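Below, each chain spelled out in residue letters.
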Amino acid sequence: MNVTKKIYTLLIGVLTVCGANAQTTYEEMELLTVNEQVTTVITATEPIRFVDISTDKVAGDQPISNTIRLKPKEAGHADGDVLAIVTIVTERYRVQYALIYTTRLQEAVTDKEVQMVEQQPFHNPAVSLSTEDMYRFARQIWTSPARYRDVSNRKHRMTMRLNNIYAVGEYFFIDFSVENRTDIRFDIDEIRVKLADKKVSKATNSQIIELKPEMMLEKTKSFLHGYRNVMVVRKMTFPNDKVLTIEMSEKQISGRTISVNIDYEDVLNADSFNRSLLTKD
């Protein structure tokens, strides 16, 4: 067999294998046995963005970001019946399971964790930066020295300050901290991000745009002397007559509220930062 023929034969073999791997039947999927008296909980290793249940024989919901719950709607099926195919798409992979009915409760799957071998890599166009990468970048920023020294606000013997802003892909990473110079613990009620006019002291609702953070690094709800966090917000463009405000409020009805204003110029400077910090392993 000459070299050309060998290469041709090898190429045909590779294409045949690739073609076989590109198609999957339910018999080749991971099988999960289900019963109408048992809730089957599937936990992914990262946030789930999309779920499809191929028939209406199975009910499902998503109580938290990385978990779904499944249960047949009714009895009357025979052992081994395929009730549905469930497709789960996360930020970076997808998995499929065939749901097989069983009349024996002891055989029904109650808890299923998605295994690495089951994950099929998937490019999700709606996800430019995964949650895992967000946390990795945020942790590195949290440990970096502050680049801003003059963006701050003092109130109630507390100081809230901006430490850093980094631009990564479609997101801003905003690093801020609070110094509490009292001996009264601050119990956080909520942290809000707003975009408002600079020159309006009492802005109406129409003049304020509230932004929802994509991620907050720290989940701490209470602090005595010091607090630091990194929040991720989707990039936005706004004129220099607007100001971005981070506001932290306390739980009590008459609780303290403190905020810091981030000017348009400060946001623009995010792109000029040295991003070598974010590329380190």
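Everything here concerns the structure above.
The present account deals with the structure reproduced in this document. (Residues numbered from 1 in each chain as written. Predicted model: local features only at pLDDT ≥ 70, side-chain atom pairs only at ≥ 80, totals over all residues. Heavy atoms only, no water.)

### Observations concerning the packing of aromatic side chains
Aromatic ring pairs are described here by two measures, namely the spacing of the ring centres and the angle between the planes.
Okay, step 1: Throughout the structure, instances matching the rule amount to four aromatic pairs.
Okay, step 2: Residues Phe176 and Tyr227 carry aromatic rings whose centres are separated by 6.2 Å and whose planes lie at 45 degrees to one another, so their mutual orientation is tilted. You can see Phe176 sitting in strand 12 (residues 171-180) and its partner Tyr227 sitting in strand 17 (residues 226-234), a full 51 residues away along the chain.
Okay, step 3: Overall, Phe176 belongs to the buried group, its relative accessible area being 0%.
Okay, step 4: Note on Tyr227: relative accessible area 6%, which makes it buried.
Okay, step 5: Through a chain of ring-to-ring contacts, three or more aromatic side chains come together here, namely Phe176, Phe186, Phe223 and Tyr227.
Okay, step 6: The ring centre of Trp142 lies 5.9 Å from the NZ or CZ of Arg228, which sits over that ring. (Phe/Tyr/Trp six-rings, centres within 6.5 Å; stacked < 30°, edge-to-face > 60°. Helix = DSSP H or I, 4+ residues; strand = E, 2+ residues; numbered from the N terminus. Buried < 20%, exposed > 50% of the residue type's maximum accessible area, 1.4 Å probe, protein only. Lys NZ or Arg CZ within 6 Å of the ring centre and 35° of its normal.)

### Details of the environment of Asp52
Okay, step 1: As for its placement among the helices and strands, Asp52 is situated in strand 3 (residues 48-53).
Okay, step 2: Assessed through its relative accessible area of 34%, Asp52 is described here as partly exposed.
Okay, step 3: As for Asp52 and Gln96, which are separated by 44 residues in sequence, their C-alpha atoms are 9.4 Å apart.
Okay, step 4: Excluding residues within four positions of it along the chain, Asp52 makes contact with Ile85, Val86 and Thr87. (Contact = heavy atoms within 4.5 Å.)

These results come straight from atomic positions and should not be treated as a statement about function.
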